[in-house]
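Residues per chain are reported as follows:
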There are 2 protein chains.
Amino acid sequence: MQSRRGYHQHCGLAKALDVVGERWTLLLVRDLLLGPRRYGDLVEALPGIGTNLLAKRLRELEEADLVTKVKLPAPVSAVAYELTAEGRALEPALHALARWGGLFLPAKPKRGDRFDLGWYLLSLKRRYLPGEGVRTALAVKTAGRVFCLVLGERVLDVREGDDAPAPLTITGEMMPIAMLCNGRASLAALEREGGVKLEGARDLWSEIFRALGNGSETTTRPRPRGTRRGTS
Amino acid sequence: MQSRRGYHQHCGLAKALDVVGERWTLLLVRDLLLGPRRYGDLVEALPGIGTNLLAKRLRELEEADLVTKVKLPAPVSAVAYELTAEGRALEPALHALARWGGLFLPAKPKRGDRFDLGWYLLSLKRRYLPGEGVRTALAVKTAGRVFCLVLGERVLDVREGDDAPAPLTITGEMMPIAMLCNGRASLAALEREGGVKLEGARDLWSEIFRALGNGSETTTRPRPRGTRRGTS
DNA sequence: CGGGATCCCAGCAGATACTG
DNA sequence: CAGTATCTGCTGGGATCCCG
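Reading the values: the criteria
- Residues numbered from 1 in each chain as written.
- Chains lettered and ligands numbered in written order.
- Predicted model: local features only at pLDDT ≥ 70, side-chain atom pairs only at ≥ 80, totals over all residues.
- Heavy atoms only, no water.
- 1 Å grid on protein atoms, 1.4 Å probe; cavity = no way out; pocket = protein on both sides within 12 Å on 5 of 7 lines; lining within 4 Å.
- Points joined across faces, edges and corners; volume = space filled by probe spheres on them.
- Helix = DSSP H or I, 4+ residues; strand = E, 2+ residues; numbered from the N terminus.
- Nonpolar A, V, L, I, M, F, W, Y, C, P; charged D, E, K, R; others polar.
- Near = heavy atom within 4 Å.
- Polar contact = N/O pair within 3.5 Å; in protein donor to acceptor, adjacent residues only side chain to side chain.
- Contact = heavy atoms within 4.5 Å.
- Salt bridge = Lys/Arg side-chain N within 4 Å of Asp/Glu carboxyl O.
- pLDDT = per-residue confidence, 0-100.
- Least-squares fit on C-alpha atoms with pLDDT ≥ 70 in both.
- Core = buried A, V, L, I, M, F, W, Y, C linked by side-chain atoms within 4.5 Å.
- Buried < 20%, exposed > 50% of the residue type's maximum accessible area, 1.4 Å probe, protein only.
- Pairing = 2+ DSSP bridges.
- Axes fitted to C-alpha atoms, helices over the stretch in contact; angles between N-to-C directions.
- Domains from an automatic or database assignment.
- Buried area = accessible area lost by both parts, 1.4 Å probe.

**Some points on the layout of surface pockets**
No. 1: Estimates place the volume of the second largest pocket at around 1000 Å³.
No. 2: Considering the residues around the second largest pocket, the lining is formed by 41 residues, among which Leu17(B), Asp18(B), Val19(B), Gly21(B) and Glu22(B) are closest to the centre.
No. 3: Elements with a contribution of two residues or more to the lining of the second largest pocket: helix H1 (12-20) and helix H2 (25-32) of chain A together with helix H1 (12-20), helix H2 (25-32) and helix H4 (51-63) of chain B.
No. 4: It is H1(B) that provides the largest number of residues to the lining of the second largest pocket, a total of five residues.
No. 5: Residue composition of the lining of the second largest pocket, by class: 16 nonpolar, seven polar and 18 charged.

**Thoughts on the protein's contact with DNA strand C**
No. 1: Taken together, 21 residues form the shell around DNA strand C, and within it Arg23(A), Asn52(A), Arg57(A), Arg5(B) and Tyr81(B) come nearest.
No. 2: A distance of 2.4 Å separates a phosphate oxygen of DNA strand C from a polar atom in the side chain of Arg57(A).
No. 3: Separating a base nitrogen of DNA strand C from a side-chain N or O atom of Thr51(B) is a distance of 3.2 Å.
No. 4: Counting only elements with at least two residues in the surface near DNA strand C, the list comes to helix H4 (51-63) of chain A together with helix H3 (39-45), H4 and strand E2 (79-83) of chain B.
No. 5: Looking at the surface near DNA strand C, the element that brings in the most residues is H4(A), giving five residues.

**Digging into the interface of chain A and chain B**
No. 1: Listed by partner, the interface residues are 63 residues for chain A and 60 residues for chain B.
No. 2: At the boundary of chain A and chain B, one finds two salt bridges.
No. 3: In this structure, the salt-bridge partner of Lys15(A) is Asp113(B), at a minimum N-O distance of 3.2 Å.
No. 4: Those elements giving two or more residues to the side of chain A that touches chain B turn out to be H1, H2, helix H5 (85-88), helix H6 (91-101) and strand E5 (156-160) of chain A.
No. 5: Class assignment of the residues belonging to the side of chain A that touches chain B gives a composition of 35 nonpolar, nine polar and 19 charged.

**Re the confidence of the model for chain A**
All names here are of chain A.
No. 1: Confidence in the prediction for chain A averages 88 pLDDT; 88% of positions are at 70 or higher.
No. 2: At the low end of the mean pLDDT range in chain A sits helix H9 (residues 187-194), at 89; at the high end sits H6, at 98.
No. 3: The low-confidence segment residues 219-232, where pLDDT is below 50, has 14 contacts with residues more than four positions distant or belonging to other chains.

**Description of the relation of the copies chain A and chain B**
No. 1: Once turned by 180 degrees and shifted 0.0 Å along the axis, chain A lies on chain B with an RMSD of 0.0 Å. Seen this way, the second copy is the image of the first under a two-fold rotation axis.
No. 2: Interface overlap between copies is the fraction of interface residues in one copy that are interface residues in the other; for chain A against chain B it reaches 83%, indicating a shared surface.

**Digging into the nonpolar core**
No. 1: Counting 126 residues, the largest nonpolar core has Leu149(A) and Leu149(B) as the members making the most contacts within it.
No. 2: Those residues in contact with Leu149(B) that sit more than four places away from it in its chain are Leu121(B), Leu124(B), Thr136(B), Ala137(B), Leu138(B), Val140(B), Leu156(B), Asp157(B) and Val158(B).

**Examining the sheet that holds strand E6 (residues 168-171) of chain A**
Residues and elements named next belong to chain A.
No. 1: If you trace the five strands from one edge of the open sheet to the other, you get E5-E4-E3-E6-E7, paired in mixed fashion. Bordering the open sheet on either side are E5 and strand E7 (197-200), each of which pairs with just one other strand. Ignoring strand direction, the axes of neighbouring strands in this sheet form an average angle of 20 degrees.
No. 2: Bridging between strand E3 (residues 136-142) and E6 involves four bridges; their strand directions are parallel. Its bridge partner lying in E6, leucine 138 is registered against leucine 168.
No. 3: Its contacts with the sheet put helix H7 (residues 117-124) on E3, strand E4 (145-151) and E5, and the angle it makes with E4 is roughly 5 degrees.
No. 4: On top of the sheet, helix H8 (residues 174-181) reaches E3, E4 and E6; it is set at about 150 degrees to E3, its chief contact.

**Concerning the protein's contact with DNA strand D**
No. 1: In the vicinity of DNA strand D there are 22 residues, among which Tyr81(A), Arg23(B), Asn52(B), Leu53(B) and Arg57(B) approach most closely.
No. 2: Close to the protein, within 4 Å, the atoms of DNA strand D are drawn from sugar and phosphate at a rate of 68%.
No. 3: Between a phosphate oxygen of DNA strand D and a main-chain N or O atom of Gly40(A), the distance comes to 3.3 Å.
No. 4: The contact in question runs from a phosphate oxygen of DNA strand D to an N or O atom on the side chain of Arg59(A), over 3.5 Å.
No. 5: Within the residue set of the surface near DNA strand D, elements represented by two or more residues are helix H3 (39-45), H4 and strand E2 (79-83) of chain A together with H4 of chain B.

**With respect to the sheet that holds strand E3 (residues 136-142) of chain B**
Residue and element names in this part refer to chain B.
No. 1: Read from one edge of the open sheet, five strands run E5-E4-E3-E6-E7, paired in mixed fashion. In the strand order of this sheet, the two ends are held by strand E5 (156-160) and strand E7 (197-200), each with one partner. Geometrically, the sheet is characterised by an average inter-axis angle of 20 degrees between neighbouring strands, direction not taken into account.
No. 2: Alignment of strand E6 (residues 168-171) against E7, held across four bridges, turns out to be antiparallel.

**Observations concerning H1(A)**
No. 1: The element H1(A) is largely enclosed, with a buried count of seven among its nine residues.
No. 2: Buried within H1(A) are the following residues: Gly12(A), Leu13(A), Ala14(A), Lys15(A), Ala16(A), Leu17(A) and Val20(A).
No. 3: Where the residues of H1(A) are buried, they touch H2 of chain A together with H2 and helix H6 (91-101) of chain B.

**Quick word on the domain arrangement of chain A**
All names here are of chain A.
No. 1: Assigned domains of chain A: these are domain 1 (12-89) and domain 2 (117-211).
No. 2: The centre of domain 1, based on its C-alpha atoms, is set 26 Å off from the matching centre of domain 2.
No. 3: At the junction of the two partners, domain 1 supplies eight residues and domain 2 supplies seven residues.
No. 4: Around 650 Å² of area is buried between domain 1 and domain 2 when both sides are counted, 56% of it from carbon and sulfur atoms.
No. 5: Ranking the residues of domain 1 by area buried against domain 2 places Arg30, Leu33 and Leu34 at the top, with a combined share of 69%.
No. 6: Run the count over domain 1 and domain 2 and you get one salt bridge.
No. 7: Taking the shortest distance from any N to any O, the salt bridge between arginine 37 and glutamate 160 comes out at 2.6 Å.
No. 8: Applying the counting rule to domain 1 against domain 2 returns three residue pairs in polar contact (both at pLDDT 80 or more).

**Things to note about the pattern of salt bridges**
No. 1: Under the definition given, this model contains 26 salt bridges over all chains.
No. 2: Ionic pairing is found between Asp41(A) and Arg38(A), a salt bridge with its closest N-O pair at 3.9 Å.
No. 3: In this structure, the salt-bridge partner of Glu160(B) is Arg145(B), at a minimum N-O distance of 2.7 Å. Residue Glu160(B) is found in strand E5, and its partner Arg145(B) is found in strand E4 (residues 145-151); the two are separated by 15 residues along the sequence.
No. 4: Overall, the relative accessible area of 23% leaves Arg145(B) in the partly exposed class.
No. 5: Taken together, the shared-partner salt bridges in this structure form one network comprising Arg37(A), Asp116(A), Arg145(A) and Glu160(A).

In structure tokens, the structure reads:
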């Protein structure tokens, strides 16, 4: 029988792949990092997965205690899937893989490749340069969706659908916003022609732009995997 | 055509999984991190892979320029597979995944799980605590194999079959050596009854033992971010 | 003998249709 | 909306065979 085909190796990597190594699983975790998601959201966010396979993966993730079902609160009385602490603990590994995969990523999406702003905003988390006392927030609105970036003392928090108040709001289409955040397009040009709007405390933008660590990933950092201790 | 089923997403993680997301691939990379390997070595190191699939994966890795064929030098005139720089660049991601998977790893191999000392020694790389001017080396001999750990200024280098001179040599079976390195067994006890032998500059051991970072991985970095909202 | 290729079959993945 | 049922084709596992 040999149920649930696994590697049967006493090795952390093999065990990780036993749990999250199958097709679609890590992409599912990636999308759940933005916050709780409903089944339909996930179907739409993962084109090609097929509804049966999504259900199977969610079941497996639930059994592995990486995901739990939660009831969404007031307006939408539906269930959603949310990462547990163990699931969120995968985030460093996802960032490491994404950083490596980014080496193969063209500047613009190839025709046929889907692009989602949420994926891009997640990638900013690993480029974040805190700076002293930044601690502000940015709301990003695009295609009927809302993202919230909280620039914390140490980490950048990115959520979707989380309507936290933000002093600065950016509105526009997905690609122009991404190009703006990573410095491949200038704010002035996009405001003029690209359909990007800033509302609120615009003077915050230059500091936020810096903190999002533009282009700092071309050079591999000397300490890629933070062994930081001694939290002052 | 839609050849070579991929995710078709403009996302670093998805691209990474397009390249190395299929079954056995990352385990193959892991084993190649110890140095060039011949086909037969890999077949033996990855029980269950099946010769055809190994050949296919190696071909794919070659096409992706993560692996190259090299000719082994003098004594054995055979070909081997070696990671390219791009392939080695996967190492941080493997360590991050392995660290996460290590949370699911029991203290001792479950019956039926294979254990390889090379996998364990690789895991030491992410626990390494350089200390000032350690810069020595340790040879590990077990079951007819030789590993060499070079304790560098910043990183620990681990290779198999690389006969660099080392002032200290440890000989014994795989599990006792692993237990010794991670502090779950004492040197005195293992020398007395466990079949572990130290030869050379034994006084180096205490410093090496410290640098291998015993038990320093229980504390993952504290990232609270538990702000649950909306349950009003 | 190392380094694969070939064949076969079980199980997984993909797409669509259907149901509470 | 949130899945389940079903069908089909493809991938992966295992054994055997081949070729230098």
